[in-house]
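The residues making up each chain are set out below.
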Amino acid sequence: INLIIKKPFKKTKSSSSPVNSKDWESISPFAVEIINKLQDHNYEAYLVGGCVRDLLANIKPKDFDIATNAEPKEIRKIFKASRIIGKRFQLVHIYKGKQIIEVATFRAGLNKNSTTIENDLIKDDAGKIIRDNIWGNIEDDCNRRDFTINAIYFCPISNTFKDFHDGAQHVKEKKIISIGDPLYRFEEDPVRSLRAIRFATKLNFKIDSKIKEAIYEKGDLLGNISNARLFDEFCKIFLNGHGYENYKKLQSFGIAKYLLNLEKNYSGNKVYGESLKNTDKRYRDGKSITPGFLLAAILWPKLIERCSFDNGINIRKFFRSMDGVLRNQQKLTAVPRKFSSYIKDIWVLQLKLHSRIGSQPYKTLRHPRFRAAYDFLLVRERAANDKNGLGKWWTDFQKNDDSLRGSIIAQMKEKNDEESSKKFGFYNELR
Ligand code: ATP
Ligand code: MG
């Protein structure tokens, strides 16, 4: 630990090193501590992946991943507060307070000479890797990584890089380039196509044309990925502040359908774009974001489609359709239970927000999901270009105190009863 203090990142100013951004000082001390300890035990250990890439691109990394030649069991021995996780892809999590650092053992990945496929590297009939736990050295490890920019190893102790695939150069050129033939690499793991898109928008890099072809050619293999893994990717791709851009890219490659159960008759529905833009804005403003809100919004046209009736909706059908719509999304991406009930609450509240007489508005306002439901109402209004002022009514109702609330409701009653009763939905969203 003393070593860390003795060797801060002063050297980063040296001209020969590409390390010169202020962000390098933001390297997690805990990560450095882990690397130090592993090296003290005579193992190799580096920062690798997203954190090195982001630092080179002058972006503050969101987490720090470590790669080492120590095997999971050996890592466990060195760090008391640690746990081996994963089966398909074993990793060790090391804990300190609220911090978690992921440590991966160097992997051989696909060893071309190996004719004996052991229990630790297994592929299915489509060529997809279903288990990848053959350990290797750093050269092996860099070859099994997805893109050159993600395969740069950095030792914060000696301040040196290992960059076998010109990753740093590609960061400079703002290019996403596959390690090996992407047609083959995307067969091994189809999720790499989603990753290429995500990094392109996040970093504002260009996707190499070979990768683009591979996405078109192999994108359909995403249909074989477990819904649990796709839910993880769903969150990474739509809740990272670039959701709208990612959505447009996914659409243009024809693979949005593997993450989202979009309503075909309404493929141009503005609610998709508006809800993603809303989530991106919340991300930028540092507000909380949840996959629940986004799913409620994105599945909304599907729900409405199922219960449209005579320029309005059939309420009974509305309630009966909710579970089915969610189930169809579950087939694509898992939706943890807590989010399903959240989504249904937001949907039901859309009905309640329409009734603005008597005691109902007070009840609606007290509902724990009111705020999310109100936000979604505003999104729906924007998407449908609706000018009826329902959102505005709720904005006013929230702002005022109880005495004024009463009069707002009374005005409402006089103005038009018809508005607050039978008819539901905005003209443009029902079409
Ligand atoms: P971020 O954390 O910003 O989303 P990242 O590149 O760190 O990006 P992780 O999922 O944290 O992404 O993975 C860490 C590293 O592991 C990657 O940079 C890459 O080298 C490797 N990696 C992750 N997923 C894959 C994959 N599906 N195929 C090949 N290599 C992968
Ligand atoms: Mg990472």
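Residues numbered from 1 in each chain as written. Chains lettered and ligands numbered in written order. Predicted model: local features only at pLDDT ≥ 70, side-chain atom pairs only at ≥ 80, totals over all residues. Heavy atoms only, no water.

### Some words on the overall build of the chain
Of regular secondary structure, the chain possesses 21 helices and 13 strands. Within the chain, the fraction of its 431 residues that count as buried is 51%. By sequence separation, contacts in the chain at least 24 residues apart represent 69% of the contacts at least 6 residues apart. Per element, the accessible surface of the chain, about 21,500 Å² overall, is 49% carbon and sulfur. (Helix = DSSP H or I, 4+ residues; strand = E, 2+ residues; numbered from the N terminus. Buried < 20%, exposed > 50% of the residue type's maximum accessible area, 1.4 Å probe, protein only. Contact = heavy atoms within 4.5 Å. Areas by Shrake-Rupley, 256 points an atom, 1.4 Å probe, with all protein chains shown as cover.)

### Overview of the packing of aromatic side chains
Pairs of aromatic rings are described using the distance from one ring centre to the other and the angle between the two planes. If you walk through the whole model with that rule in mind, you get 20 aromatic pairs. When the centroid spacing of 6.2 Å and the interplanar angle of 85 degrees are considered together, the rings of phenylalanine 147 and phenylalanine 199 count as edge-to-face. Separated by 52 residues along the polypeptide, phenylalanine 147 in the loop between α5 (138-143) and β8 (152-155) and phenylalanine 199 in helix α8 (residues 191-203) bring together distant segments of the chain. On the basis of relative accessibility, which here comes to 0%, the residue phenylalanine 147 falls in the buried class. The buried category is assigned to phenylalanine 199, whose relative accessible area is 4%. Taking the centre distance of 6.2 Å and the plane angle of 10 degrees together, the rings of phenylalanine 231 and phenylalanine 234 count as stacked. Residue phenylalanine 231 and its partner phenylalanine 234 are both found in helix α10 (residues 227-238); the two are separated by 3 residues, about one turn of the helix. Exposure remark for phenylalanine 234: the relative accessible area of 0% places this residue in the buried category. Among the aromatic residues, those joined into a ring-pair cluster are Tyr362, Phe370, Tyr374, Trp393, Trp394 and Phe397. Sitting above the plane of the tyrosine 244 ring, lysine 277 keeps its charged end 4.8 Å from the centroid. Over the aromatic face of tryptophan 393 sits the side chain of arginine 356, whose NZ or CZ is 5.3 Å from the ring centroid. (Phe/Tyr/Trp six-rings, centres within 6.5 Å; stacked < 30°, edge-to-face > 60°. Lys NZ or Arg CZ within 6 Å of the ring centre and 35° of its normal.)

### So, the environment of methionine 412
Mapped onto the fold, methionine 412 is located in helix α19 (residues 402-415). The exposure class of methionine 412 is buried, given its relative accessible area of 4%. Once the C-alpha coordinates of methionine 412 and arginine 356 are considered, the two residues, 56 residues apart in sequence, prove to be 7.1 Å apart.

### A look at the nonpolar core
Residues Leu47, Phe238 and Trp347 are the most contacted members of the largest nonpolar core, which totals 105 residues. With 11 residues, the top contributor of residues to this core is helix α13 (residues 291-307). Contacts of leucine 47, omitting those with residues within four sequence positions, involve Ile27, Ala31, Ile35, Val52, Phe64, Asp65, Ile66, Ile152, Tyr153, Phe154 and Pro156. (Core = buried A, V, L, I, M, F, W, Y, C linked by side-chain atoms within 4.5 Å.)

### Examining the packing of α13 against helix α14 (residues 315-332)
In the contact formed by α13 and α14, the axes pass within 9 Å of each other and the chain directions differ by 130 degrees. By the angle class used here, α13 and α14 are oblique. Classified by chirality, the crossing of α14 by α13 is right-handed. Residues Leu295, Leu299, Trp300, Lys302, Leu303, Arg306 and Cys307 of α13 lie in contact with α14, whose contacting residues are Lys317, Phe318, Ser321, Met322, Gly324, Val325, Leu326, Asn328 and Gln329. Residue classes in the contact of α13 with α14 are distributed as 9 nonpolar, 4 polar and 3 charged. (Axes fitted to C-alpha atoms, helices over the stretch in contact; angles between N-to-C directions. Parallel < 35°, antiparallel > 145°, perpendicular 65-115°, else oblique. Left-handed = near helix turned anticlockwise from the far one by under 90°. Nonpolar A, V, L, I, M, F, W, Y, C, P; charged D, E, K, R; others polar.)

### Looking at the pairing of strand β7 (residues 129-132)
Taken together, the 3 bridges between strand β6 (residues 121-123) and β7 define a ladder with antiparallel strand orientation. What sits directly across from lysine 123, in β7, is isoleucine 129. Here β6 folds back onto β7, and the loop between the two strands holds 5 residues, one of which, glycine 127, carries a positive phi near 90 degrees. (Pairing = 2+ DSSP bridges.)

### Remarks on the packing of helix α15 (residues 337-352) against helix α17 (residues 370-384)
Between α15 and α17, the shortest axis-to-axis distance is 9 Å and the interhelical angle comes to 60 degrees. Between α15 and α17, the interaxial angle falls into the category oblique. As for the relative orientation of α15 and α17, their crossing is right-handed in sense. Contacts from Tyr342, Ile346, Leu349 and Gln350 in α15 reach Phe370, Ala372, Ala373, Phe376, Leu377 and Arg380 in α17.

### Focus on the site of ligand 1
Residues in close proximity to ligand 1 total 18 residues, the closest being Arg53, Lys62, Asp189, Arg192 and Arg198. A distance of 2.8 Å separates an oxygen atom of ligand 1 from a polar side-chain atom of lysine 62. One of the side-chain nitrogen or oxygen atoms of arginine 192 is found 2.7 Å away from a nitrogen atom of ligand 1. Protein contacts shield 86% of the accessible area of ligand 1, which totals 590 Å² for the unbound molecule. Of all the elements in the fold, those that place two or more residues in the shell around ligand 1 are α3 (50-56), α8 and α10. Looking at the shell around ligand 1, the element that brings in the most residues is α8, giving 5 residues. Of the residues in the shell around ligand 1, the class split is 1 nonpolar, 3 polar and 14 charged. (Near = heavy atom within 4 Å. Polar contact = N/O pair within 3.5 Å; in protein donor to acceptor, adjacent residues only side chain to side chain.)

### Things to note about helix α12 (residues 270-284)
A turn of α-helix holds 3.6 residues, and therefore any two residues three or four places apart point the same way. Its 15 residues place the ends of α12 21 Å apart at the C-alpha level, agreeing with the 21 Å of an ideal helix rising 1.5 Å per residue. If you check which residues of α12 are buried, you get Val271, Tyr272, Gly273, Glu274, Ser275, Leu276, Asn278, Thr279 and Asp280. Note on α12: the residue one or two positions beyond its end, glycine 286, has a positive phi of about 70 degrees. (Expected span 1.5 Å × (residues − 1).)

### Focus: helix α9 (residues 209-218)
Within α9, the full set of buried residues consists of Ile211, Ala214, Ile215 and Lys218. Looking straight down α9, one finds its buried side chains confined to an arc of 105 degrees; they lie on one side. For α9, the exposed residues set more than 90 degrees away from the buried face come down to Glu213, Tyr216 and Glu217. For α9, the secondary structure elements touched by its buried residues are β10 (175-176), α7 (182-188), α8 and β11 (206-207). (Arc of directions from axis to C-beta.)

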